[in-house]
Amino acid sequence: MADRKPYVIDQMISAKSIAARIEDLADEIRDEFEGTDKLVVVGLLRGSFVFIADLVRELDLPVEVDFLEASSYGDAMESSREVRILKDLRGKIEGRDVLIVEDIVDTGHTLSHVARFLGGRNPARMKTIALLDKPSRREVDFTADWIGFSIPDEFVVGYGIDFAQRNRNLPYIGKVRFVDAPE
Ligand code: 5GP
Ligand code: MG
Ligand code: MG
């Protein structure tokens, strides 16, 4: 089991840097959606739950929060590429302003699929934001409207993001580094 191999987590992005970046992103999002009657902020479960919580509290706009779950890695470290919707939104988005919130854009399959899926419901305006972007890993041509941080090809955890369901509660983003097992 990959998750049984001993590993340490090296901090990559501090909690302070994340908070500062979110303040700037929230200003840009507010400018984009200024005058909206209500913005539907859609978090992709589960990795975005910490990011969406911090982001909406910085957003000076009337918002509604909804969640969608797409199939992901499972507990593996590689993308499955075939994306399925496991849990749909509770609310309607036709004619509404929508912001899709994702943790990481890696190969690009997940967010491009979800954007196409929700775009088919004819929202008035739809934008995407991801906390992290790994541009070197892209397999489909997709760019989120806002990115928190562009990072190299490392497996990261923390701030909502897991390794086999662990480490979501770290307040910072760190990279996983495997170490030799003790004797
Ligand atoms: P994509 O479809 O863009 O390849 O993958 C996006 C999803 O893969 C992200 O939402 C995230 O769940 C997962 N992912 C990509 N990179 C990492 C990573 O470094 N760590 C973790 N835990 N998940 C990742
Ligand atoms: Mg994800
Ligand atoms: Mg995951």
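The rules we used
Residues numbered from 1 in each chain as written. Chains lettered and ligands numbered in written order. Predicted model: local features only at pLDDT ≥ 70, side-chain atom pairs only at ≥ 80, totals over all residues. Helix = DSSP H or I, 4+ residues; strand = E, 2+ residues; numbered from the N terminus. Rg over C-alpha atoms; globule rule 2.2 N^0.38 Å. Buried ≥ 20, exposed ≤ 12 C-beta atoms within 10 Å, placed from the backbone. Contact = placed C-beta atoms within 7 Å. Pairing = 2+ DSSP bridges. Core = buried A, V, L, I, M, F, W, Y, C linked by C-beta atoms within 7 Å. Axes fitted to C-alpha atoms, helices over the stretch in contact; angles between N-to-C directions. Parallel < 35°, antiparallel > 145°, perpendicular 65-115°, else oblique. Left-handed = near helix turned anticlockwise from the far one by under 90°. Nonpolar A, V, L, I, M, F, W, Y, C, P; charged D, E, K, R; others polar.

## Re the overall build of the protein
In step 1: The helix and strand tally for the protein stands at three helices and nine strands.
In step 2: Mapped from its N terminus to its C terminus, the protein presents α and β elements in the order β-α-β-α-β-β-β-α-β-β-β-β.
In step 3: Relative to its length of 183 residues, the protein is compact, with a C-alpha radius of gyration of 17 Å against a globular reference of 16 Å.
In step 4: The dimensions of the protein, computed from C-alpha atoms along their principal axes, are 60 × 35 × 30 Å.
In step 5: For the protein, the residues scored as buried account for 30% of the 183 residues in total.
In step 6: Intrachain contacts of the protein at a sequence separation of at least 6 include 68% that bridge at least 24 residues.

## A word on the sheet that holds strand E8 (residues 156-157)
Note on sheets: strands pair through backbone hydrogen bonds, and any given pair is parallel or antiparallel.
In step 1: Strand order in the open sheet made by the three strands is E1-E9-E8, with antiparallel pairing throughout. Across the chains shown, the open sheet's two edge strands, defined by having one partner strand only, are strand E1 (7-13) and E8.
In step 2: One ladder, built from six bridges, connects E1 with strand E9 (residues 173-178); its direction is antiparallel. Bridge pairing in E9 places Ile13 opposite Ile173.

## Thoughts on the environment of Gly95
In step 1: Turning to its location among the elements, Gly95 is positioned in the loop between strand E4 (85-87) and strand E5 (97-105).
In step 2: A C-alpha to C-alpha distance of 32 Å links Gly95 and Ser150, two positions 55 residues apart in sequence.
In step 3: Among all residues touching Gly95, those that are not within four sequence positions of it are Asn122 and Ala124.

## As for the nonpolar core
In step 1: Ranked by internal contacts, the top residues of the largest apolar core, which has 36 residues, are Val41, Val42, Phe51, Leu99, Ile100, Val101 and Ala130.
In step 2: At the level of elements, helix H1 (15-33), strand E2 (39-45), helix H2 (49-58), E5, helix H3 (109-119), strand E6 (125-133) and E8 are the ones that each hand at least two residues to this core.
In step 3: When residues in this core are grouped by element, the largest group, six residues, is from E5.
In step 4: With near-sequence residues (within four places) excluded, Ile100 lies in contact with Val42, Leu44, Val114, Ala115, Leu118 and Thr128.

## Describing the packing of H1 against H2
In step 1: At a minimum axis distance of 9 Å, the contact between H1 and H2 shows a crossing angle of 55°. Looking at the two axes, H1 sits oblique to H2. For the element pair H1 and H2, the recorded crossing hand is right-handed. Note on element contacts: H2 touches H1 through Asp54, Leu55 and Glu58, opposite Ile22, Glu23 and Ala26.
In step 2: By residue class, the composition of the contact of H1 with H2 is three nonpolar, no polar and three charged.

## Considering the environment of Arg84
In step 1: Along the chain, Arg84 turns up in the loop between strand E3 (63-70) and E4.
In step 2: Judged by C-beta crowding, with 10 C-beta atoms within 10 Å, Arg84 ranks as exposed.
In step 3: Leave out the neighbours within four places in its chain, and Arg84 touches Ala70 and Ser71.

## Looking at the environment of Val156
In step 1: As for its placement among the helices and strands, Val156 is situated in strand E8.
In step 2: When neighbours within four sequence positions are excluded, Val156 is seen to be in contact with Met12, Leu132, Ile151, Ile161, Ile173, Gly174 and Lys175.

## Digging into the sheet that holds E4
In step 1: Strands sit in the order E4-E3-E2-E5-E6-E7 across an open sheet of six strands; the sheet is mixed. The outermost strands of the open sheet, each flanked by one partner alone, are E4 and strand E7 (146-150). Averaged over all neighbouring strand pairs, the angle between strand axes comes to 25°, with direction disregarded.
In step 2: The sheet contact formed by E2 and E5 spans five bridges and is parallel.

## A closer look at unusual backbone geometry
Glycine aside, negative phi is the norm for most residues, and most peptide bonds take the trans geometry.
In step 1: Residue Leu45 is joined to Arg46 through a cis peptide bond whose omega torsion reads -5°.
In step 2: Within the secondary structure, Arg46 sits in the loop between E2 and H2.
In step 3: One non-glycine residue, Tyr159, lies in the positive phi region at around 55°.
In step 4: The topology assignment puts Tyr159 in the loop between E8 and E9.
In step 5: A count of 26 C-beta atoms within 10 Å places Tyr159 in the buried class.
In step 6: Although it is not a glycine, Ala164 sits at a positive phi angle of roughly 50°.
In step 7: A count of 15 C-beta atoms within 10 Å places Ala164 in the partly exposed class.

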